[in-house]
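Reading the structure
Here's the letter readout for the chains.
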Amino acid sequence: MKPISFHEACATVKEKLHIELGTEKIRPEEALGRTVSQDIFSSMDNPPFSRSTMDGYAVRSSDTHGASDSSPVTLRITGESIIGVEPPSLESPFSAIRISTGAKIPTGADAVVMVEGTSSEGGENVLVFTQVEKGENIAHRGGDLVKDELIIRAGTVIEIPHIAVMNALGIPEIVVREKLRIGIVSTGNELIRPGIPYTEPKIYDSNGPTIQSLLNSHSGIMADYLGTLHDDRGSIESKLKEFIGKYHIVIVSGGSSAGEYDYVYRVISEFEPGMIFHGVMIKPGMPTAFGQHGGHFIIGLPGFPVSALMVFLSIFLNPVLSLSSSIGETPPITGKMGVSVRVDSLKTNLIPVKILGSSGDSRIYPVKGLSGSVSRFLDTDGYIVVPPRSTSLPEGQEVEVFRFNRRYVSTGKVISGLIDSETSEWLKRNSIEYTYRRLPSEDAAAAFGNGSVDGVILEAEESSFPELVSSFRKLFSISSRIISSRDILMVTTTPKKSGNAEIIGVTDEFSPWNVLSENGISAELANRIRNSTAIRINAEEAFKKVRSGELTEVYTTIHPPEGLSARSAGKISRILLMKE
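Attention now moves to the overall build of the protein. Of regular secondary structure, the protein possesses 13 helices and 36 strands. Counting only residues that meet the buried cut, the protein has 45% of its 580 residues in that class. When contacts within the protein are restricted to residue pairs at least 6 apart in sequence, long-range pairs at least 24 apart make up 72% of them.

What follows is the structure in structure tokens.
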């Protein structure tokens, strides 16, 4: 089956994904987010009786005519109306009944005089200094709602105000659309469910529980995580048939590519009517599948966590939510790219991004990493969709960001850059309140330069600090503080004649070219790194290879063994640049 475009996939899912849901009866307090299937009418008048809107006296309005500060009317107090108790009637002319706010209006009374317009001094009579008209200070029976009045139309998604009204009317139950039932399963011999003790070379399933949580955040959906399946065709076929009998939609992650052990798409193809599409021209997520069996649907997602979530959010989520009448995605916001990004010109690119800066001047940064790099989710606020035939997004290009509805509690300044446990402790000791937004060093520096963040932590050679700080002072009034400092030793042997030196990065200590931006190190060191072949092994192996001549240089923060020549390549320090 030929892959289709991203826009064709979105349109096809919207067109094909139709499910007839049944109904059920539930109590109003259980109905938040559910869709009403039948019109709801008021079961009674509201208010159910005429009641006072003020503390004061229930009176005949005609008895107060002519009352004024200079000529008050004297009325005899014959009783009291309190909330929840049937009051006595107002029978005699020129009489009054003391009444509380919300209490029932006595028979015979047609107005209420506010207590501020009277004086009783605790006696049997009350002096009335103000004239009231018929109906004054009274909420009349049915003045808000009358019995059998339409209050909620069929098709309405229930929100808190609806629940308040239904409870005020004493409505015991309503008819709503049944929940959309969705089963979620992940395939792969390597997968184990979260919570099971870990053993190599397994990996925990992220896709199933994540998508379950996303779907169950919508009240009109009941999503079940069904665990993991091995890459066995018979098992996958029998389980998918079982799940399709129980759920309106089955979501499967993994097994939809074209490998020898990818059976999901083969099984879907044998259903009736079978595969609707297999393969979408997107990056990431090309092996996306969508199929149907009778009135039930199967969604096939890629196995890598970033790919699976991006595909589900961008192609399937809104059509699924529309079936349950749940509220869809938050509308996208616009912002400008904080850095330039290269993209695949043959596919629609789905790029996870973070949003920095104020809502009116947001800067958008790609969250870099592979499709299996789950740490990207920690930094991601949403994603952008870049259509095919684009080769790059230049810095400053305006883009739309589809948000993940994340909620942040912002504390103090926004700081970006590299924050490890040592830096975190330093910030605590110095009582610096901050909100952390992860960015690679070069993007963090750019974000600080354009004002998207208030502070940035960079690693650089101390000899380059004056130039580094000076360049930022041209943009801002800043303060700079060294957080930590360490020596970087460069161990050298005779260079090889091949032209390119080999430089070894030591994984158990520090790999300078991974964290230093070119502006943060000396030109000589930047040149060496750029023109070298860098490999990463532990320190012990590194020095063995230096001794044998296999490598020409090694950078490390630990002292070399005796017998190796060494010279210092400078002191590398971590510096905090902060707007003053």
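With respect to the helices and strands, S52 occurs in strand 3 (residues 51-52). Separated by 2.5 Å, the side chain of S52 and the backbone oxygen of M54 make a polar contact. What S52 contacts, discounting residues up to four positions off in sequence, is I99, S100, T101, G102, A103, I105, V112 and N137.

Bringing the pairing of strand 4 (residues 56-59) into the picture now. In this structure, strand 4 lies alongside strand 6 (residues 95-99), joined through 3 bridges in antiparallel fashion. Directly across from A58, in strand 6, lies its bridge partner I97. The sheet contact formed by strand 4 and strand 7 (residues 111-114) spans 4 bridges and is antiparallel. Opposite V59, over in strand 7, you have A111 as the bridge partner.

On to the sheet that holds strand 5 (residues 73-81). Taking strand neighbours across the sheet as the criterion, the 6 strands line up as 7-4-6-5-9-8 in an open arrangement whose pairing is mixed. A single partner strand is all that each edge strand has here, and the edge strands are strand 7 and strand 8 (118-119). Here strand 5 runs beside strand 6; their pairing, made up of 5 bridges, is parallel. Across the sheet, residue R76 finds its bridge partner in strand 6, namely S95.

Let's shift gears to a nonpolar patch on the surface. The grouping of I196, Y198 and Y204 at the surface amounts to a nonpolar patch, some 290 Å² of accessible area in total. Residue placement: I196 occurs in the loop between strand 14 (191-192) and strand 15 (203-204). For I196, a relative accessible area of 40% gives the class partly exposed.

Looking at helix 1 (residues 6-16), one finds that the buried residues are F6, A9, T12 and V13. All buried residues of helix 1 lie within an arc of 125° about the axis, which places them on one face of the element. In helix 1, the exposed residues that point more than 90 degrees away from the buried face are H7, K14 and E15. Packed against the buried residues of helix 1 are strand 18 (273-278), strand 19 (282-283), strand 20 (289-293), helix 6 (305-323), strand 24 (348-356) and strand 26 (382-386).

Note the cis peptide between E200 and P201, where omega equals -5°. The topology assignment puts P201 in the loop between strand 14 and strand 15. For the peptide bond that leads from K283 to P284, omega is 0°, which places it in the cis range. Residue placement: P284 occurs in the loop between strand 19 and strand 20. Phi at D148 takes a positive value of approximately 75°, unusual for a residue other than glycine. Relative to the elements of secondary structure, D148 occurs in the loop between strand 10 (138-139) and strand 11 (150-152). Residue D148 is classed as exposed on the basis of its relative accessible area, which comes to 59%. Phi is positive for R389, which is not a glycine, with a value near 75°.

Confidence in the prediction for the protein averages 84 pLDDT; 81% of positions are at 70 or higher. Confidence drops under pLDDT 50 across residues 494-499; counting only partners more than four residues distant or on other chains, this segment forms 6 contacts.

This part covers empty space enclosed by the protein. In total, this model carries 1 cavity of 30 Å³ or more according to the counting rule given. The computed volume of the largest cavity comes to approximately 30 Å³. Partitioned by chemical class, the residues of the lining of the largest cavity number 5 nonpolar, 3 polar and no charged.

Our next topic: the pattern of salt bridges. In total, this model carries 12 salt bridges according to the counting rule given. Among the salt bridges present, the one from K104 reaches E86, with a minimum N-O distance of 3.1 Å. Here E86 lies in the loop between strand 5 and strand 6 and K104 lies in the loop between strand 6 and strand 7, a separation of 18 residues in the sequence. According to the relative accessible area criterion, K104 is partly exposed, its value standing at 28%. A residue is classified by how much of its surface remains accessible, and E86, at 57% relative accessible area, is exposed. Three or more residues are tied together by salt bridges with common partners; here these are R27, E29 and E30.

Under the 1.5 Å per step criterion, the end-to-end length of helix 6 is 25 Å for 19 residues, consistent within 8% with the ideal 27 Å. Residue F316 marks the point of greatest curvature in helix 6, where the axis turns by about 55°; the proline P319 follows within four residues. The element helix 6 is largely enclosed, with a buried count of 17 among its 19 residues. Immediately downstream of helix 6, the backbone of S325 shows phi near 60°, a positive value.

Packing of helix 1 against helix 6 leaves a shortest axis separation of 9 Å and a crossing angle of 15°. Of the possible angle classes, the one that applies to helix 1 and helix 6 is roughly parallel. Of the two elements, helix 1 crosses helix 6, and the hand of that crossing is right-handed. Seen from helix 1, the contacting residues are F6, A9, C10 and V13; seen from helix 6, they are S314, I315, F316 and P319. Grouping the constituent residues of the contact of helix 1 with helix 6 by class yields 7 nonpolar, 1 polar and no charged.

We now examine the sheet that holds strand 13 (residues 180-187). The mixed open sheet is built from 6 strands, whose spatial order is 16-13-17-21-20-18. Here the strands that pair on one side only, and so sit at the sheet edges, are strand 16 (221-229) and strand 18. Mean inter-strand twist for the sheet, computed between neighbouring axes without regard to direction, equals 20°. Pairing between strand 13 and strand 16: 7 bridges, direction parallel. Paired with I182 across the bridge in strand 16 is A223. In the packing of helix 3 (residues 207-216) onto the sheet, contacts are made with strand 13, strand 16, strand 17 (249-253) and strand 21 (296-301), and the angle to strand 16 comes to roughly 175°. Contacts between helix 6 and the sheet are confined to strand 13, strand 16, strand 17, strand 18, strand 20 and strand 21, with strand 21 contributing the most and set at about 160° to the helix.

The rules behind these values
- Residues numbered from 1 in each chain as written.
- Predicted model: local features only at pLDDT ≥ 70, side-chain atom pairs only at ≥ 80, totals over all residues.
- Heavy atoms only, no water.
- Helix = DSSP H or I, 4+ residues; strand = E, 2+ residues; numbered from the N terminus.
- Buried < 20%, exposed > 50% of the residue type's maximum accessible area, 1.4 Å probe, protein only.
- Contact = heavy atoms within 4.5 Å.
- Polar contact = N/O pair within 3.5 Å; in protein donor to acceptor, adjacent residues only side chain to side chain.
- Pairing = 2+ DSSP bridges.
- Patch = residues over 30% accessible without salt bridge, like charges linked within 9 Å, V, L, I, M, F, W, Y side chains within 5 Å.
- Areas by Shrake-Rupley, 256 points an atom, 1.4 Å probe, with all protein chains shown as cover.
- Salt bridge = Lys/Arg side-chain N within 4 Å of Asp/Glu carboxyl O.
- Arc of directions from axis to C-beta.
- pLDDT = per-residue confidence, 0-100.
- 1 Å grid on protein atoms, 1.4 Å probe; cavity = no way out; pocket = protein on both sides within 12 Å on 5 of 7 lines; lining within 4 Å.
- Points joined across faces, edges and corners; volume = space filled by probe spheres on them.
- Nonpolar A, V, L, I, M, F, W, Y, C, P; charged D, E, K, R; others polar.
- Expected span 1.5 Å × (residues − 1).
- Bend = angle between axes of the 7 residues up to and from the residue.
- Axes fitted to C-alpha atoms, helices over the stretch in contact; angles between N-to-C directions.
- Parallel < 35°, antiparallel > 145°, perpendicular 65-115°, else oblique.
- Left-handed = near helix turned anticlockwise from the far one by under 90°.

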